[in-house]
Amino acid sequence: MDKKKAIDETEPGVAPSRAVDRFGFIKSEQSNSPDGIPKGKSIHEREREEKRIRKWRKMIGVGGSDWKHYVRRNPHVVKRRIRKGIPDCLRGLVWQLISGSRDLLLMNPGVYETLVIYETSASELEIIRDISRTFPSHIFFQQRHGPGQRSLYNILKAYSVYDRDVGYVQGMGFLAGLLLLYMSEEDAFWLLVALLKGAVHAPMEGLYQAGLPLVQQYLSQFEKLVMEHMPKLGQHFVEEMINPSMYASQWFITVFSYSFPFHLTLRVWDVFLYEGIKVVFQVGLALLRFCHDDLVKLPFEKLLHALRNFPEEATDPDVLLPIAFTFKVSSRLEDLKKEYQKRLEGTSETSSSKRHQPLISKTMSRVGSRVISNLTADKK
Amino acid sequence: MAANAGNKIRNAKLVLLGDVGAGKSSLVFRFVKGQFVEFQESTIGAAFFSQTLAVNDETVKFEIWDTAGQERYHSLAPMYYRGAAAAIVVYDITNPASFTRAKKWVQELQAQGNPNTIVALAGNKADMLDARQVPAEEAKTYAQENGLFFMETSAKTAINVNDIFYEIAKRLLQGQQDPSPQAGMVLNQRPNERMVSSSSCCS
């Protein structure tokens, strides 16, 4: 929410000089929210942080050379450490390693450049219209036609060429923008490809395909999970006629990169890239659990407001993530997905149901084969 | 704009529809918060706001759904316009494509929406007269032919922003007093907020 506030006009070509938080978001005057770092770290804390970084460096090896080996031998250690948060200075590299994007990059030399320079996209105007509306309060993306906006444009255009069926869809910009804060344009592009085409986890392009089939599926699964884990709240939602698409569609479409505190977004992404989409469900459930006793008392309008403006304590990753991990959802998500697909097939046998079929990557073979030689090479 | 105490408050669901970048969120922001932001973050999914408006001795409380403009998000829109008492279809006077898109929304509302929904057409960015591409006359004629009411607005300078909401509120209340059986349907109700004055339910 705080990202949305108070931005005046920025003169084209002039970089604004205002106070920014440690992630580069311009501080709004009225906001005194912490940016995830306690003020004045003690020496002890700093030493602990340095020790943590050393451990991570050892785990990764030079330029990521030891990573795969380490993951194979100690998957649980890796999982535990990632859940505690990847050190910010290594985040960009580690994200590329755990998402499988590094392999895509190496397998497709020169492809990104071709997409950016030589191809044209039907979505170019649409992309341009949204560029200054993606993280508008971040210093990197604020300068009109500055390096941040140019890179963002390039990635989105390249993707819209790479998969012309999906093209450009609002929401992608937040994924790309987030990635660009941690890696180069080309690296960010391949990470986007890895996510949407499914290098390590199930492909997520259904979030953006016509009819938003995967959004619909996730929302349906989420609604069921809420009912199962918090029946009283689930019932309250039914009575107040609140359905998850009213508050949770952005959670899935942008993987919490839209209107959430940035330090929470990053910690969610650490886990998301390693463990997959289930963490979005877990974090969603954790937010509801944290505010449960308030939410069950609120009527429609206040309820909606609360679901879109979680209190600061609720969005502290060190509080929220431990709650999130108490929800065991993996196998239930599988069942619910099957139920959902069955229901879809049952309700309509017409051509429209084909479009809504989630998770099946139809474009994969067609578009993918052109540039990706072996996407599943790095399957864990 | 604040509600006077003791008034009957009527809840009305209102939805904003229109092309990407037409200024839907900016209109809502201006109306609800009295602010304007040059680079408004794109709306993903939909956003919810509420605002009350006093009309004579009555008060309308708008429950406003601000939707994402991109065509791809179209499939989410029916949920927001179904059962809406009012809709504002927004286009950008400097962008003819957005006017074409607005017409499509009007058609869809006429075909799929509630016949009692009050539909307003807003030609936004009216402060940018030098860049105008959609003549006001053209939009006005279109609005008349289709039973909409039309205003050119500017979220930036606040021209006509409160007015368009005020006009909707007025028409909603007029519809309420109308004794015809469907009149009650224009206002959205949930079970716990049922209005004494109306009987039927929608959506």
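Every chain is numbered on its own, with residues counted from 1 as its sequence reads. Numbering of ligands from 1 and lettering of chains from A proceed in the order in which they are written. In view of the model being predicted, local features appear only for residues whose pLDDT reaches at least 70, and side-chain atom pairs are presented and counted only at 80 or more, with totals across whole chains, interfaces and linings using the full set of residues.

**Brief notes about the overall build of chain A**
At step 1: Scanning chain A from N- to C-terminus turns up 22 helices and zero strands.
At step 2: The buried share of chain A, reckoned over its 380 residues, is 42%. Elements are defined by DSSP. Helices are runs of H or I of four residues or more, strands are runs of E of two residues or more, and each kind is numbered from the N terminus. Here a residue counts as buried when 20 or more other C-beta atoms sit within 10 Å of its C-beta, as exposed when there are 12 or fewer, and as partly exposed otherwise, the C-beta atoms being derived from the backbone.

**Observations concerning the sheet that holds strand 6 (residues 149-152) of chain B**
All names here are of chain B.
At step 1: Note: two strands are recorded as paired if DSSP finds a minimum of 2 bridges between them. Pairing is mixed in the open sheet, where six strands are placed in the order 2-3-1-4-5-6. With partners counted over all chains shown, the strands left at the sheet margins are strand 2 (46-55) and strand 6, one partner each. Taking the axes of each pair of neighbouring strands and ignoring which way they run, one obtains an average angle of 25 degrees across the sheet.
At step 2: Sheet topology places strand 2 next to strand 3 (residues 58-67); ten bridges connect them, and they run antiparallel. When the sheet's bridge partners are listed, F49 is paired in strand 3 with I64. Angles shown run from 0 to 180 degrees and are taken between the N-to-C directions of axes, each axis being a line fitted to C-alpha atoms and, for helices, limited to the stretch in contact.

**Regarding the UniProt feature "domain: Rab-GAP TBC" (unreviewed entry) in chain A**
At step 1: UniProt positions are given in the numbering used here, feature names are shortened, and annotations may be inferred rather than shown by experiment. Within this structure's numbering, the places UniProt gives as "domain: Rab-GAP TBC" (unreviewed entry) are residues 85-276 of chain A.
At step 2: In residues 85-276 of chain A, the share of helix is 61% and the share of strand is 0%. The end C-alpha atoms are 15 Å apart.

**Concerning the domain arrangement of chain A**
How large an interface is tends to be reported as the accessible area lost when its parts come together.
At step 1: For chain A, the assigned domains read domain 1 (50-84), domain 2 (91-202) and domain 3 (213-333).
At step 2: Taking only C-alpha atoms into account, the centre of domain 1 of chain A sits 29 Å from that of domain 3 of chain A. Per the annotation, domain bounds derive from an automatic or database assignment of domains.

**Brief notes about unusual backbone geometry**
Residues and elements named next belong to chain A.
At step 1: A positive phi is found at L212, a non-glycine position, where the angle reads about 45 degrees.
At step 2: Mapped onto the elements, L212 comes out in the loop between helix 11 (185-197) and helix 12 (213-229).
At step 3: If you check the backbone angles, V255 has positive phi at about 45 degrees while not being a glycine.
At step 4: Here V255 lies in the loop between helix 14 (249-253) and helix 15 (262-275).
At step 5: Note on V255: 25 C-beta atoms within 10 Å, which makes it buried.

**Points about the confidence of the model for chain A**
At step 1: Each residue carries a pLDDT score, the predictor's own confidence in it, on a scale running from 0 to 100. On average, residues of chain A carry a pLDDT of 87, and 84% of them reach 70 or more.
At step 2: By the criterion used throughout, residues are in contact when their C-beta atoms, derived from the backbone, lie within 7 Å. Across residues 351-380 of chain A the pLDDT falls below 50, and counting only partners more than four positions away or on other chains, this stretch makes 48 contacts in the model.

**Points about the pairing of strand 6 of chain B**
Residue and element names in this part refer to chain B.
At step 1: The pairing of strand 5 (residues 118-124) with strand 6 spans four bridges and is parallel. Bridged to A122 within strand 6 is M151.
At step 2: Call a crossover right-handed when, viewed with both strands pointing away from you, the route from the first strand across the helix to the second goes clockwise. As for the winding sense of the linkage, the β-α-β connection from strand 5 through helix 4 (residues 136-145) to strand 6 is right-handed.

**A short note on the confidence of the model for chain B**
Residues and elements named next belong to chain B.
At step 1: Overall, the predicted model of chain B reaches an average pLDDT of 86, with 83% of residues at or above 70.
At step 2: Per-residue pLDDT stays below 50 along residues 1-5; that stretch engages in ten contacts with residues further than four places along the chain or on separate chains.
At step 3: As a predicted assembly, this complex carries a pTM of 0.86 together with an ipTM value of 0.83.

**Here's the deal with the environment of A:R54**
At step 1: Structurally, the position occupied by A:R54 is in helix 1 (residues 43-60).
At step 2: Under the C-beta neighbour-count criterion, A:R54 is labelled exposed, with 11 such atoms within 10 Å.

**Re the nonpolar core**
At step 1: Counting residues in each nonpolar core, the largest one holds 153 residues, and the members touching the most others are A:A176, A:L192, B:L14, B:A86, B:A87, B:V89 and B:A120.
At step 2: The residue makeup of this core includes at least three contributed by each of domain 2 (91-202) and domain 3 (213-333) of chain A.
At step 3: The residues contacting B:A120, other than those within four sequence positions of it, are B:A86, B:I88, B:L148, B:F149, B:I164 and B:I168. Residues enter a nonpolar core if they are buried, belong to Ala, Val, Leu, Ile, Met, Phe, Trp, Tyr or Cys, and are joined to the set through C-beta atoms within 7 Å.

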